[in-house]
Amino acid sequence: YHEELNQPGDLTFEQIEKISRTMPPITDLWLSGGEPTLRRDVSRVIETFAKNNGIDRLIIPTNGLIKSRVCEIVDNALSTHPRLDLYLNIALDGYGETHDRIRGVPGNWEKALECIESLYPLKKKFGDRFRLNVNTVVCADNYTEIEKLGEFMWHNFKLDGQYFNIIRG
């Protein structure tokens, strides 16, 4: 997917802006894709929907690989839009090496955990406006580790209400 990012197949910012301009007000904006934080103009996209459509909630899934980029996007969105709530969903699809194997990225587990930790100052800064969650897709490769993963996250990380989304895939 990385090779296809920001290529002619993606919607241009102008196309996204036209969609936003022609839509009525909406409450929630869900960004998706492969990895939304890699889109160079993601902050402009957020700004456009906040201005044109009055969004109240922004939901962003991420693999958490580039913690500085994730932190920048969260801080910018919440600082710029004081009435916006942001839900950041970090993907953890297994415990340790299982997560890395499922994601196909060595070291992804550690980087995702580092990303979560790096977001704590923003949790303190923005309070309830910033919801930090973990999402897991349950599959044949990880179903035996779900309880272990949940216990690990419960005891080691400060997530909102220890909210741990499990999605069956």
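Shown above is the structure to which this text applies.
Residues numbered from 1 in each chain as written. Predicted model: local features only at pLDDT ≥ 70, side-chain atom pairs only at ≥ 80, totals over all residues. Heavy atoms only, no water.

Asks: Before we move on, can you summarise the environment of leucine 122 with the specific residues and values?
Replies: Here leucine 122 lies in helix α6 (residues 120–126). Take leucine 122: its relative accessible area is 10%, and that puts it in the buried class. Setting aside residues up to four positions removed in sequence, leucine 122 forms contacts with Cys71, Val74, Asp75, Gly127 and Phe130. (Helix = DSSP H or I, 4+ residues; strand = E, 2+ residues; numbered from the N terminus. Buried < 20%, exposed > 50% of the residue type's maximum accessible area, 1.4 Å probe, protein only. Contact = heavy atoms within 4.5 Å.)

Asks: Quick one: what's the story with the pattern of salt bridges, residue by residue and with numbers?
Replies: All chains considered together, the criterion is met by seven salt bridges. Among the ionic pairs, aspartate 56 bridges to arginine 83, the shortest N-O distance being 2.5 Å. Within this pair, whereas aspartate 56 is found in the loop between α2 (42–53) and β2 (57–62), its partner arginine 83 is found in the loop between α3 (67–80) and β3 (85–91), the two being separated by 27 residues in sequence. One salt bridge connects aspartate 93 with arginine 103, and the closest N-O pair in it is separated by 2.7 Å. Of this pair, aspartate 93 sits in the loop between β3 and α4 (97–103) while arginine 103 sits in helix α4; the two residues are 10 residues apart in sequence, bridging distant segments of the chain. According to the relative accessible area criterion, arginine 103 is partly exposed, its value standing at 34%. (Salt bridge = Lys/Arg side-chain N within 4 Å of Asp/Glu carboxyl O.)

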